[in-house]
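Listed here are the chains, written in short residue letters.
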Amino acid sequence: QVQNVESGGGLVQPGGSLRLSCAASESIFSFIRMGWYRQTPGKQRELVAGITRGGSTNYADSVKGRFTISRDNAKNTVHLQMNSLKPEDTAVYYCGLSRFGATIDYWGQGTQVTVSS
């Protein structure tokens, strides 16, 4: 069973930055796609940013220009750099790994991000 563990969440003021990390228990080359998702109470989990095995990225419109997803192949880790944070970015952020297609095969436990003054 693959384990992916998120870290880096916390409380930050509006305009601040955080860097989330997702460490996988096996080579991230095993996954065709890795992504960061977020969820707030009463809402569906939504895609924030994704990166493919080949390095292609995509972002939700609400975070374009502020968030950057990247991967460290040597450390089997995917990062999400979040800048210019807004209160509406407050959510639990999850790392999702897909082996073969669009289905998320493995979810992390989530990390809370709170943007508040």
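Below or above, wherever it landed, is the structure these notes cover. Quick caveat, the model's predicted, so the values are computed rather than measured.

Describing the state of the cysteines
Then step 1. Taken as a whole and assessed by the stated rule, the structure comprises one disulfide.
Then step 2. Between the sulfur of Cys 22 and that of Cys 95 lies a disulfide, 2.1 Å long from S to S. Taking the sign of the S-S torsion, about -70° here, the bridge from Cys 22 to Cys 95 comes out left-handed. Note that Cys 22 is positioned in strand β3 (residues 18-24) and Cys 95 in strand β9 (residues 91-98), a separation of 73 residues in sequence. Both residues of the pair, Cys 22 and Cys 95, belong to the buried class.

Quick look at the packing of aromatic side chains
Then step 1. Within the structure shown, the criterion is met by three aromatic pairs.
Then step 2. On the numbers, 6.3 Å between centres and 85° between planes, the contact of Tyr 94 with Trp 107 is edge-to-face. Taken together, the residues Tyr 94 in strand β9 and Trp 107 in strand β10 (residues 106-107) connect sequence positions 13 residues apart.
Then step 3. On the accessibility criterion, Tyr 94 (14% relative accessible area) is buried.
Then step 4. A residue is classified by how much of its surface remains accessible, and Trp 107, at 36% relative accessible area, is partly exposed.

Description of the pattern of salt bridges
Then step 1. Following the criterion strictly, the structure yields five salt bridges and no others.
Then step 2. The partner of Arg 99 in a salt bridge is Glu 26, with the nearest N and O atoms 3.0 Å apart. Taken together, the positions of Arg 99 in the loop between β9 and β10 and Glu 26 in the loop between β3 and β4 (33-39) put the pair 73 residues apart, joining distant regions of the chain.
Then step 3. For Arg 99, a relative accessible area of 19% translates into the label buried.
Then step 4. Looking at Glu 26, the relative accessible area reads 25%, which means it is partly exposed.
Then step 5. A single salt-bridge network, built from bridges that share partners, covers Arg 38, Glu 46, Arg 66 and Asp 89.

About the criteria used
- Residues numbered from 1 in each chain as written.
- Predicted model: local features only at pLDDT ≥ 70, side-chain atom pairs only at ≥ 80, totals over all residues.
- Heavy atoms only, no water.
- Disulfide = S-S within 2.5 Å.
- Helix = DSSP H or I, 4+ residues; strand = E, 2+ residues; numbered from the N terminus.
- Buried < 20%, exposed > 50% of the residue type's maximum accessible area, 1.4 Å probe, protein only.
- Phe/Tyr/Trp six-rings, centres within 6.5 Å; stacked < 30°, edge-to-face > 60°.
- Salt bridge = Lys/Arg side-chain N within 4 Å of Asp/Glu carboxyl O.

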